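# Architecture at a glance
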Amino acid sequence: MCRLMLIATLLVATALPATFATAQTATADDHLAPLRIPHHKFVLDNGLTVLVHEDPSVPLVGVNLWYHVGSRNEVRGRTGFAHLFEHFFFNGSENYPHGFREAMDDLGANNRNGTTSTDRTNFFEDVPTSALERTLYLEADRMGFLAGNLSEEMLERERGVVKNEKRQGENQPYGRVWPRISETMYPYSHPYSWSTIGSMADLDAAKMEDIRQWYTDYYGPNNAVLSLAGDITLAQAKALVTKYFGGIAPGKPIARQREWVPVLDADIRDSMQDQVPQTRIYRAWHLPPMGQRATHAMQLFGSVLAGSESSTLDRQLVFEKGLATSVQAGVQDSELASLFLVVASVRPGVDPAELERELDALLAKSLAELPDAAAIDRARTGEVAAFVRGKERLGGFGGRSDVLAESATYFGDPEGYLQRFRDYRAITAAEMRDTAKAWLSRPSYTLQVDPFPALKATSSDLDRSKLPALAAAPEVTFPEVQRATLSNGLKVVLLERHSVPLVNLMLAVDAGIAADPADARGTANFALELLLKGTKTRDAFRIADERDALGAQLSVGNGLDQTFVRLGALRGNLAGSLDLMADVALNPAFPADMVDLQRKQQLAAIAQQRANPGAAAQRVLPTLLYAPGHPYSGPGGGLGTEASVAALSRQSLADWHSRWFVPATATVGAAGDITLPQLVSELERSFGGWRGGAAPTKAVGPSTSPGRGTVHLIDKPGAPQTVIVAAQLASPSGQADDLALETVMRNFGGMATARLNRNLRLDKHWSYGAYGGVNGARGPRTFVVNAPVQTDKTKEAIVEVVREIKGVAGERPLAGEEYDSILRSQVARLPGRYETLDSLVSAALDIVNTGRDPGYYADYARNLSALQSDALNAAAAGVVKPGELTWVIVGDLQVIEAGIRELELGEVRRITVE
């Protein structure tokens, strides 16, 4: 998988809370102590930089290997090489000519992937301590001994996979925006002027000699940083890393440009058309590279400008004037240059020119006036809270090993990330405004060496043909499930963990999508979203301000059976955070202006569902699987229909809340740095006054599928991919064979090397990814397969999907090494599976929703290890019924319909997405 530069990830850098900005400290950096990640650093003779962060709290190690090479190292006509080569790393090496994904699944790795950007390529995996040595062996063999395993067959296969990844991105609404911004904002010769994934023509032109040369040029140890975080000591790291990496020869010196900030001659206006439901305005300015004080000032400016309900652009454009349904602002920072972007989604019916005029006026005002000090403080607090939450993880995608490796790679200093905090502390309101004025007054785009050291390889008598043995999987102890009941009947479930000063809670009300009235679908979602839009004593902006000042996370959500109000709190601010959560959950005001705004946003979300092929299929699926009137039969994951949403009144929303939000049928699930007596005391104070009767019942019993054995076609003319969905109804959650079913379903369609994905992506490269499994529900669950494939392979792919479904239903039982591997993987991945507080809260509420015995998770590892292949096969055969499938297929029917009909899967119907 490649993490490309998506607009959704352009926002925010880490900032400091207001208290840090005003505290008197003995030394200049004392205020950084809570944010510093302790580590050791050593460098092998061949130039490999190694970072070690010790944390024995979980028997898990985050292995994170960064190579300082990205798409910026390519040349025109040969773009996409960095990302294409990332894919080669998962196909085995000279001494281990087997799949890396399979090896990771076998040893129970979690949070594993590879990503490529303009400036770097990294590979990471969180592994149990028992598998650390084997993992380092495999990573070292990929670094030093990959060339002998490269082949023309591999090139053709991965080229096909990457093409499908590119098609999948372009098949999304707004999926072609970022390449357009890049090619327009940067000069033709600038390495940021082409996309990281490359062009189809360049991918077709890639030759094996080019691939081998890329490996030789950029994948030496002297161009890499290895970051290890978790249950490992410095002595262990030195011994293992020297053993496996020390004998790898260094690569050649690499010329590396440090800065290239283009200057536009004049404002550029551009337009393009795409199959999207809303107009969006993108505006971009050039900025200095990452790490510079001016860039940090602009990151802070972007956080103040947008990102919270009370920020300048959100408040004016979304809430008060209703010109936009969403707005974003922030920095896309990179090594050579950065961009500042503002993105606004125009509310349907609004003239885009009107929104742009208002946006221009607000930007001009923001550049002329000093920003509000309280707003800056809220942004700082929010950013440090985000950083602390990111530190909870050990591995990739923002964990501790990632932070250290990124800083060492880009800044030559593992603690380079702390400079952002120093700058945030020192930057004044005037400096922030003046920096923004200096850079945003420039033309914009609207749509958007050191001497090479003497390096050598150490002598090594290591026999790399011998695969290190796996140690026994570490014992995993699940936290005790502690229970209590408040004086008003509100139930409490707690799982203690004191590794970080955080407490995560979720108020689970027994409502959910199933609580939607049959004639008013979308009510639960509509009402729930309004909880954050104002209470009887706080308006939406005060809620946002208090949330940000507390460094809290506050959100809402609906499952099929439960409605959630979620809180992530810093332990020191728990009391205030709970007060805010209780007010939001129990005292919504349903203000008329916010009801009108939310109606427009929910209608816009329905339109977005229709525009997205995958979402369109999922929108119609419940209406085809469940009998009319069944609580699970509503369209669109609870969004409802345009007619039902348009008809909802403020009073009906308030009435829904009063009926369903009652303490007797609600539970608070919590995990983190608190004891049960402490939690009960805090909850009695904040929620103890909540009163209410019994909630209505929900008839979520069995259902007969009216669409069984039918093929439903949705036309998307010109689509480069077809989305294939096959589904059927299954038994409710909480069955005796759930553990066996979970295991066999993961082997079928729940991981990268599962049968389904191996067939369609790894073997045939027709898809970027296919998955399948059984969802969780109190009533009848659904078995679902989802396979987006290239258009010209639609018929063939359906044949393979049918084959795999029949296989898991009994034609291809799990046995032998396949059974041994999935069981090993399931057991060994447990340390990482319940690493986060959110995962513990989810487990607690799963017990509540399904009625499982509290010992289910305590005995999970033991029961999992005892599963036999017969139990797995029986569980799958009891659920998967190939003859009862309902199909939903979205694509260019002019191209694919005839082939689908030839398969005779059942009655074929053309439908539209309501």
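Our structure is the block above this text.
The text that follows walks through the structure, step by step, so that each part is easy to find. (Residues numbered from 1 in each chain as written. Predicted model: local features only at pLDDT ≥ 70, side-chain atom pairs only at ≥ 80, totals over all residues. Heavy atoms only, no water.)

### Details of the overall build of the chain
Per the secondary structure count, the chain includes 34 helices and 23 strands. A compact globule built from 914 residues would reach a C-alpha radius of gyration of about 29 Å, and the chain, at 27 Å, matches this within 12%. Out of the 914 residues belonging to the chain, those deemed buried represent 60%. Entry remark: accessible area of the chain is about 33,500 Å², with carbon and sulfur atoms responsible for 50%. (Helix = DSSP H or I, 4+ residues; strand = E, 2+ residues; numbered from the N terminus. Rg over C-alpha atoms; globule rule 2.2 N^0.38 Å. Buried < 20%, exposed > 50% of the residue type's maximum accessible area, 1.4 Å probe, protein only. Areas by Shrake-Rupley, 256 points an atom, 1.4 Å probe, with all protein chains shown as cover.)

### What about helix H18 (residues 540–550)?
Helical geometry note: an α-helix holds 3.6 residues per turn, so side chains three or four residues apart project in the same direction. When H18 is considered as a whole, its buried residues turn out to be Ala540, Phe541, Ile543, Ala544, Arg547, Asp548 and Leu550. On its buried face, H18 is in contact with helix H11 (312–320), helix H13 (373–390), strand S15 (553–558), strand S16 (563–570), helix H19 (574–586) and helix H20 (592–611). Put simply, Asp539 is the residue that caps the front of H18, since its side-chain oxygen is 3.1 Å from the backbone nitrogen of Phe541. Just past H18, the residue Gly551 takes up positive phi, approximately 70°. (Contact = heavy atoms within 4.5 Å. Polar contact = N/O pair within 3.5 Å; in protein donor to acceptor, adjacent residues only side chain to side chain.)

### Side note on the nonpolar core
Looking at soluble globular proteins, one finds that nonpolar side chains tend to be buried together. Counting 99 residues, the largest nonpolar core has Phe340, Leu505, Leu507 and Phe687 as its most contacted members. Here the element with the most residues in this core is H19; it accounts for 8 residues. When near neighbours in sequence (up to four residues on either side) are disregarded, Phe687 contacts Leu486, Asn488, Leu490, Leu507, Leu578, Met581, Ala582 and Leu586. (Core = buried A, V, L, I, M, F, W, Y, C linked by side-chain atoms within 4.5 Å.)

### Considering helix H15 (residues 418–426)
Buried within H15 are the following residues: Leu418, Arg420, Phe421, Asp423 and Tyr424. Tucked inside the fold, the buried residues of H15 contact helix H10 (293–305) and H13.

### Topic: unusual backbone geometry
A positive phi angle is found at Asn111, which is not glycine, with a value near 45°. Topologically, Asn111 is positioned in strand S4 (residues 110–116).

### Quick look at the packing of helix H4 (residues 132–144) against helix H9 (residues 234–245)
At a minimum axis distance of 9 Å, the contact between H4 and H9 shows a crossing angle of 35°. As H4 packs across H9, the resulting crossing turns out to be right-handed. Here H4 contributes Leu132, Glu133, Leu136, Tyr137, Glu139, Ala140 and Met143 to the contact with H9, which in turn contributes Leu240, Lys243, Tyr244 and Phe245. Residues belonging to the contact of H4 with H9 are distributed by class as follows: 8 nonpolar, no polar and 3 charged. (Axes fitted to C-alpha atoms, helices over the stretch in contact; angles between N-to-C directions. Left-handed = near helix turned anticlockwise from the far one by under 90°. Nonpolar A, V, L, I, M, F, W, Y, C, P; charged D, E, K, R; others polar.)

### A word on the environment of Glu125
Here Glu125 lies in strand S5 (residues 121–128). The class for Glu125 is buried, based on a relative accessible area of 1%. Excluding its chain neighbours within four sequence positions, the residues that come into contact with Glu125 are Val61, Gly62, Val63, Phe100, Met104, Ala109, Asn110, Asn111, Arg112, Thr135, Glu139 and Arg142.

### Comments concerning the environment of Gly832
In this fold, Gly832 is placed in helix H29 (residues 830–833). The class for Gly832 is buried, based on a relative accessible area of 12%. It is 9.9 Å that separates the C-alpha atoms of Gly832 and Val476, two residues lying 356 residues apart in sequence. Other than its neighbours up to four places away in sequence, Gly832 contacts Leu60 and Asn110.

### Side note on the pattern of salt bridges
Inspection of the entire model under this criterion finds 54 salt bridges. For Asp270, the salt bridge identified is with Arg180, shortest N-O distance 2.8 Å. Of this pair, Asp270 sits in the loop between strand S7 (268–269) and strand S8 (280–287) while Arg180 sits in helix H6 (residues 177–185), placing them 90 residues apart in sequence. When its relative accessible area of 22% is taken as the criterion, Asp270 is described as partly exposed. You can call Arg180 partly exposed: its relative accessible area is 29%. The salt bridge involving Arg393 is made with Glu835; its shortest N-O contact spans 3.6 Å. (Salt bridge = Lys/Arg side-chain N within 4 Å of Asp/Glu carboxyl O.)

### Topic: the pairing of S4
Burial analysis of S4 places 5 of its 7 residues in the buried class, the great majority of the element. Summarising the sheet, S4 and S5 pair through 5 bridges and their orientation is antiparallel. Residue Asn113 lies in a different strand from S5, and its bridge partner there is Phe124. Hairpin connection, S4 to S5: the antiparallel pair is bridged by 4 residues. (Pairing = 2+ DSSP bridges.)

### Topic: the sheet that holds strand S11 (residues 445–446)
Strand order across the open sheet formed by 5 strands is S7-S11-S8-S10-S9, with mixed pairing between neighbours. Since the sheet does not close on itself, it has two edges, and those belong to S7 and strand S9 (324–332), each with one partner. In this sheet, strand S10 (residues 338–346) lies alongside S9 in antiparallel orientation, the contact comprising 8 bridges. Looking at the pairing, Gln332 lines up with Leu339 of S10. Sheet strands in contact with H10 are S8, S9 and S10, and its direction is about 170° off that of S9.

### Things to note about empty space enclosed by the protein
One water molecule sets the probe size; rolling that probe over the atoms shows where empty space is left. In this structure, the largest cavity spans a volume of roughly 70 Å³. Lining the largest cavity are Val476, Phe478, Leu830, Tyr834, Tyr857, Ala858, Tyr860 and Ala861. Of all the secondary structure elements, the ones that give two or more residues to the lining of the largest cavity are helix H31 (855–858) and helix H32 (860–865). (1 Å grid on protein atoms, 1.4 Å probe; cavity = no way out; pocket = protein on both sides within 12 Å on 5 of 7 lines; lining within 4 Å. Points joined across faces, edges and corners; volume = space filled by probe spheres on them.)

### A closer look at the sheet that holds S16
Here 6 strands make up an open sheet; going across it, the order is S12-S13-S17-S14-S16-S15 and the pairing mixed. Each edge of the sheet is formed by a strand with only one pairing partner; in this case those strands are strand S12 (482–485) and S15. The average undirected angle you get between the axes of adjacent strands in this sheet is 15°. In this sheet, S16 lies alongside S15 in antiparallel orientation, the contact comprising 6 bridges.

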